[in-house]
Amino acid sequence: MDINEIRNLFPHLKTGQIYFNHAALGPWSKPLLERLELYARQRSGDKIENFKFFLRWNASAKAKLARLLNTKSSRIAWTDNVSNSLNILAQGLSWKTGDQIIINDLEFPSNVYPFLNLKKYGVEITFVKNRNGMVDLEDIEKAITPRTKLISISSVQFLTGYRANIEEIGKLCRNKGIIFCVDAIQGVGVIDTDVVKYNADFLTGGTQKWLMSMEGLAYFYISEELQEKIDQRFVGWTSVEDAWNLLDYNLALKKDADRFQNGTMNSLGVALFDAMLDIFTKYGIENIEKRILDNTNYFIEQLSDSGFEPVLKNTPESNRAGIVTIQVDNPEKIFEELERNEIHCSLRQGLIRFSPHFYNTKDEIDRTIDVLKKAAERNF
């Protein structure tokens, strides 16, 4: 599929709007809408009890996602959001007073509160401070002590767009016997993500942002080694090996990650996600990453040439992904002006955040720069 074919799959592009807000919520495409129509037809009469279709879509979606993560389907479980994925990890491990968890001061709260909640058990939470929007490997290493049990970090920071040196951090954790957790919600669907190269013990993300599917569906990868260390606090009827032997009541948990799926799940979300993943598998994540980085680099260059200061202006390409953030005077007014011109982005912590995807074009970036320059000249 070429990029024009891809762009024809997104109805919102016919409306003239420019959508640079994938780090918040991705738009729906024709493959997803077709699956939604099929699902609605089934549930409204064609096949009301459509469980066999769900089983097929579920297996298909996990297989496609597993290819994106370089793992096996059996290592992936569905949840409803990233916070609850991380709560499974945080509450499932055995903690002792003085155990240390290392995070950083740029994390989205989903990757903070499940760990802060462990302080009541005497767990110490260490925040590594960022340096101008970047989280440095050296600073993480300095924070490690003999009591460090877990390090959690986003592969791409939600605010600044900084792409962490995940492979190096993972290698560090592996060498020191530290559990390594990655929040990849701003990375999967953007950059080539490999749980093997990452040495990740746990990786989680959601489907509603760069993967452009539905809210209320998230996923996590868990290694076999880490799963053995988890004391599963919550179980349900689908957690067990012989789930359909309904009156047996034998609490023999499944051997794979499915054991963490306790009951009825977001079957519509899984069905839609399966359809949406075809775009990523057909176009190829390596091609998607290249186009996103091209857009990111071009955006940063044009912003810099126009007198704006992107947070990652002086950052190597290896530490960039899809997010471009700038600091401006009167950010609320600038944001409102962009919205009036049908250019959609986010206002976060007083910064304007753009997040173009691989189907976006340099013409759209140029149009955005023009609106920004005119708005800045007015200075409100």
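Residues numbered from 1 in each chain as written. Predicted model: local features only at pLDDT ≥ 70, side-chain atom pairs only at ≥ 80, totals over all residues. Heavy atoms only, no water.

Caption draft 1: Representation of the sheet that holds strand 11 (residues 346-348) within the structure. Strand order across the open sheet formed by three strands is 9-12-11, with antiparallel pairing between neighbours. Across the chains shown, the open sheet's two edge strands, defined by having one partner strand only, are strand 9 (324-326) and strand 11. The sheet shows a mean angle of 30° between the axes of neighbouring strands, direction not considered. In the sheet, strand 9 pairs with strand 12 (residues 351-354) via three bridges, with the strands oriented antiparallel. Residue pairing for strand 12: Thr325 is matched across the bridge by Arg353. Relative to the sheet, helix 12 (residues 331-340) contacts strand 11 and strand 12, its axis offset from that of strand 12 by approximately 30°. (Pairing = 2+ DSSP bridges. Helix = DSSP H or I, 4+ residues; strand = E, 2+ residues; numbered from the N terminus. Axes fitted to C-alpha atoms, helices over the stretch in contact; angles between N-to-C directions. Contact = heavy atoms within 4.5 Å.)

Caption draft 2: Representation of unusual backbone geometry in the model. At Asn132, a position not held by glycine, the phi torsion is positive, near 50°. Among the structural elements, Asn132 can be located in the loop between strand 4 (124-128) and helix 6 (137-143).

Caption draft 3: Layout of the packing of aromatic side chains. Evaluation of the coordinates by the stated rule reveals 14 aromatic pairs. With 6.0 Å between their ring centres and 65° between their planes, Phe51 and Trp244 make a pair best called edge-to-face. Here Phe51 is found in helix 3 (residues 51-69), whereas its partner Trp244 is found in the loop between helix 9 (224-227) and helix 10 (267-283), with 193 residues between them in sequence. Accessibility expressed as a relative area gives 33% for Phe51, which makes it partly exposed. Taking the centre distance of 5.1 Å and the plane angle of 85° together, the rings of Trp237 and Trp244 count as edge-to-face. Owing to a relative accessible area of 40%, Trp237 belongs among the partly exposed residues under this scheme. Put simply, the rings of Phe10, Tyr283, Phe358 and Tyr359 pair up and form one aromatic cluster. Against the face of Tyr298 rests Lys362, its NZ or CZ located 5.5 Å from the ring centre. (Phe/Tyr/Trp six-rings, centres within 6.5 Å; stacked < 30°, edge-to-face > 60°. Buried < 20%, exposed > 50% of the residue type's maximum accessible area, 1.4 Å probe, protein only. Lys NZ or Arg CZ within 6 Å of the ring centre and 35° of its normal.)

Caption draft 4: The arrangement of the pattern of salt bridges in detail. Summed over the entire model, instances satisfying the criterion amount to 21 salt bridges. Here Lys64 ties to Asp274 by a salt bridge, and the two come within 2.8 Å at their closest N and O atoms. Here Asp274 lies in helix 10 and Lys64 lies in helix 3, a separation of 210 residues in the sequence. Across the pair, Asp274 and Lys64 agree in class, each one buried. (Salt bridge = Lys/Arg side-chain N within 4 Å of Asp/Glu carboxyl O.)

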